[in-house]
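# Summary of the model geometry
So you can see what is in the structure, the chains are spelled out below.
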Amino acid sequence: QFSLNFDPSVMSVDSISSEGRAPASPFYEISEAGKLDIVVVDLTGDPIPSGSGVVLNVYASISAAAAAQSMTLTLSSVQVANEAGNPINVVARDGVLEVQR
């Protein structure tokens, strides 16, 4: 699970999709403050295999009134667990999540 933080005056989240990897709806929550909280699991209870490709798609819109700019999207509150549900250390660095075993 993790949170995606963004500027809500510039961007809005339209939808999320995760084929076969998301728990029953709702598996995400969007705050008005620009925080998207997401939980992703494999519905069969199996771990998500390394190199399995795209796990989650976030579809967003940019406001037509927004000035041209670079907007930072940040991940926070990242938590990863193994197949037994035990936490695994994870480090977010330069847009990459490094799972440490």
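Shown above is the structure to which this text applies.
For the structure given in this document, a descriptive report is provided here. (Residues numbered from 1 in each chain as written. Predicted model: local features only at pLDDT ≥ 70, side-chain atom pairs only at ≥ 80, totals over all residues. Heavy atoms only, no water.)

## Observations regarding the environment of Ser-9
Quick reminder of the rule: Think of it this way: any DSSP run of H or I at least four residues long counts as a helix, any run of E at least two long counts as a strand, and we number them from the N terminus. The cut-offs for exposure are 20% and 50% of the maximum accessible area for each residue type, with area from a 1.4 Å probe on protein chains only; residues under the lower value are buried, those over the upper are exposed, and the others partly exposed.
As for its placement among the helices and strands, Ser-9 is situated in the loop between β1 (2-5) and β2 (11-17). A residue is classified by how much of its surface remains accessible, and Ser-9, at 53% relative accessible area, is exposed. Along the sequence, Ser-9 and Ile-62 sit 53 residues apart, while their C-alpha atoms lie 8.9 Å from each other.

## A short note on the sheet that holds strand β6 (residues 74-76)
Applied cut-off: Criterion used throughout: strands pair if DSSP finds at least two bridges between them. Fitting a line to C-alpha atoms yields each axis, with helices limited to the stretch in contact; the angle taken between N-to-C directions then spans 0 to 180 degrees.
The antiparallel open sheet is built from four strands, whose spatial order is β3-β4-β1-β6. Across the chains shown, the open sheet's two edge strands, defined by having one partner strand only, are β3 (28-31) and β6. Across this sheet, the average inter-strand angle for adjacent strands is 20°, counted without regard to direction. Where β1 and β6 come together, three bridges link them in antiparallel fashion. If you follow Asn-5 over to β6, its bridge partner there is Thr-74.

## Points about the sheet that holds strand β9 (residues 96-100)
Read from one edge of the open sheet, three strands run β7-β8-β9, paired in antiparallel fashion. At either end of the open sheet lies a strand with only one pairing partner, and these are β7 (80-81) and β9. Bridge count between β7 and strand β8 (residues 87-93): two bridges; the pairing is antiparallel. Across the sheet, residue Ala-81 finds its bridge partner in β8, namely Pro-87.

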